[in-house]
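# Working through the structure, step by step
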Amino acid sequence: MIKRRVVITGLGTVSPIGNSVDAAWKAAIEGQSGIGPITRFEAAPFPTRIAGEVKNFDVLQYLDQKEVKKHDFFSQFAIAASQEAWDDAKLAQAPYEKSRMGCILGVGIGGLNILEKYYDLYLQGGVRKISPFMIPAMISNLGPGNVAIRFGLKGVNYTVTSACTSATHAIGESYRMIAEGLQDIVLTGGSEAAITPMGIGGFCAMKALSTRNEEPEKASRPFDKDRDGFIMGEGAAVLVLEEYEAAKKRNAKIYGEVVGYGFSCDAYHITAPCVDGEGAVACMKNALADARMRAEEIDYVNAHGTSTPANDSTETLAIKNVFGNKASNGLLVSSTKSMTGHLLGAAGAIEAIFSVLAVANDVVPPTINLDNPGEGCDLDYVPHKARQARVRAAMSNSFGFGGTNASVIFGKV
C-alpha cells in the first residue's frame, strides 16, 4: 500500500510556560522555567511542594460559566489547545466531510481533580452530594469527545492511555489513520491535569519527584548529576494532522511533515526502564524504518529526558546505540522538560510541537539547569541556551510506566 503524506497545519497549547504556541515557543527558546510553588492546594505536608502549573488560564474564553462544571481541568485545557490549533489551521473554512475529520488525544490519568472533589463531598454529605456530571467530567475519553462536540468532528474519536507515552502514541496513530486513507484530518496530541493532592502524593510515595523545593526553577535538571526526580507539569498540546495534497490544495500553512512512527515495549518492569535501553532502541529504530531514513539524517532528538537517574542515563545509552557515530558527531539532544516539567500523558504532545518548530525554524531549544552532566550522560544536550542549527528532521521520544515506548519523526516539507 502506498502511504499518503501527512503534514502539520495547525498547533495549539496551554502549558506551564505559555498559554499559546507563540508564548510557549518563545519561553522555550529563551530557556524560561515554568516551575514554581504549588498553588492549587496546601502543599506544605508533601515532600514535593513544586510543580509546573498552568498560569493565568481563563476558561471563560472557551466555555460559558454553566458549562465549566461539566469539564475537569484536563478537558478544559484540551478544548483551549484544540481551539488554537483549529483556528491556526483555518479549519472552519476547510472543505472536508466531517466524517473524515477526527480527534485522538493522549490522556494518562484523566479527571483526578473531579474525582477528588466529589469524593470529598461524598464524605461530607453523603451520596446526594455526587453530581451527575462527575463521571462525564472525569473519564479520559471526554477529552477528545468534547473537542469533537465543539467542532462537529464525526470521524475517529478516542483516547490513548499509555502513561507518559500517551500523546506520542496518539500522534502516531493519527498519522497512521491519515496515511492509510481512513481519515483526512485528525486533531491529536494530549492533555493532563494531575496536580492534585493524590497526584502529587502518589508520585511522592514512589520517591519519583524532585524535592528541590527552595529552588523550583532549578529543580528539573535532565542529564545533570544533581538531578533528583522529575517535576510534574500539566496542560495540553494539539496538532492538526492533514493529508498533504489536500492541505496544499487549500493553501494551508504547513509547519512540517510526520514521516515516521515507532513503538515497542520493554516487557521488563512496571516503572523502571530496562537497563540496557533495549525497548527505547527498538522504538527509535522502528520509527526510522517507518520513515525509511538513516539515523544520520536526524539532526535533533527531543529526549524523554525526565530528570530521573534511571531514565536519563538509559535513554542516553539507547541514543548512542541507535545513532552510532552521529550521537557524538553532530546530533543535538535536549529535554524541554527542564522548562515545562513532565506533563505525563500530554508530555509527548508539547514536545512534538517543540520538535516541529525546531524543524520549521532551524533552532533547537535548550536543556536548562544542566551544570554538570551526570555519569553516562555525555551527549550534546544543548545546555542552557538555544542553538541555531540545520534541523532536517527531528525525533521526539516518549517512554512510560509499564515499559511502553513511542517515537515520532518530523521532517521538512
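Note that the structure is a prediction, hence the values are computed from the model and not measured. (Residues numbered from 1 in each chain as written. Predicted model: local features only at pLDDT ≥ 70, side-chain atom pairs only at ≥ 80, totals over all residues. Heavy atoms only, no water.)

The full count for this structure, using the stated rule, is eleven aromatic pairs. Ring pairs connect the aromatic residues Phe57, Tyr62, Phe73 and Phe77, which therefore count as one cluster. The ring of Tyr244 is capped by Arg5, whose NZ or CZ atom sits 4.2 Å from the centre of that ring. In this structure, Arg40 packs its charged tip against the face of Phe73, placed 5.0 Å from the ring centre. (Phe/Tyr/Trp six-rings, centres within 6.5 Å; stacked < 30°, edge-to-face > 60°. Lys NZ or Arg CZ within 6 Å of the ring centre and 35° of its normal.)

Before going further, it helps to spend a moment on unusual backbone geometry. The phi angle at Asn56 is positive, at roughly 55°, despite the residue not being glycine. You can call Asn56 exposed: its relative accessible area is 79%. Even without being glycine, Ala163 reaches a positive phi, approximately 55°. Along the chain, the position of Ala163 falls in the loop between strand S5 (157-160) and helix H7 (166-179). (Buried < 20%, exposed > 50% of the residue type's maximum accessible area, 1.4 Å probe, protein only. Helix = DSSP H or I, 4+ residues; strand = E, 2+ residues; numbered from the N terminus.)

What follows deals with the sheet that holds strand S10 (residues 332-334). Read from one edge of the open sheet, ten strands run S5-S4-S6-S7-S1-S8-S14-S13-S9-S10, paired in mixed fashion. Edge positions in the sheet fall to S5 and S10, since each has one partner strand and no second. On average, adjacent strands in this sheet sit at an angle of 25° to one another, irrespective of strand direction. As paired strands, strand S4 (residues 101-106) and strand S6 (residues 185-192) are joined by six bridges and run parallel to one another. If you follow Leu105 over to S6, its bridge partner there is Gly189. The sheet strands contacting helix H10 (residues 278-291) are strand S8 (256-265), strand S13 (393-400) and strand S14 (404-411), and the helix crosses S8 at an angle near 145°. (Pairing = 2+ DSSP bridges. Axes fitted to C-alpha atoms, helices over the stretch in contact; angles between N-to-C directions. Contact = heavy atoms within 4.5 Å.)

This paragraph deals with the environment of Ala358. Counting through the fold element by element, Ala358 comes out in helix H13 (residues 347-361). On the accessibility criterion, Ala358 (0% relative accessible area) is buried. For the pair Ala358 and Tyr261, spaced 97 residues apart in sequence, the C-alpha separation works out to 18 Å.

This next bit is on the nonpolar core. Among the nonpolar cores identified, the biggest contains 50 residues, and Ile8, Leu11, Leu239, Leu241 and Val258 are the most heavily contacted of them. Of all elements in the fold, only strand S1 (6-14), helix H1 (21-29), H7, strand S7 (235-243), S8, H13, strand S11 (363-364) and S14 reach the threshold of two or more residues within this core. It is H13 that provides the largest number of residues to this core, a total of ten residues. With residues near it in sequence (within four places) discarded, Ile8 still touches Leu239, Val240, Leu241, Lys253, Ile254, Tyr255, Gly256, Glu257, Val258, Val356 and Phe410. (Core = buried A, V, L, I, M, F, W, Y, C linked by side-chain atoms within 4.5 Å.)

Here the focus is the pattern of salt bridges. Counted by the stated rule, this structure contains 27 salt bridges. The partner of Glu67 in a salt bridge is Lys70, and the shortest N-O contact between them spans 3.1 Å. Relative accessible area serves as the criterion here: at 27%, Glu67 is assigned to the partly exposed category. Between Arg100 and Asp184 there is a salt bridge; the shortest N-O distance is 3.0 Å. Pair noted here: Arg100 is in the loop between helix H3 (73-88) and S4 and Asp184 is in the loop between H7 and S6, with a separation of 84 residues, a long-range link. For Asp184, a relative accessible area of 13% translates into the label buried. (Salt bridge = Lys/Arg side-chain N within 4 Å of Asp/Glu carboxyl O.)

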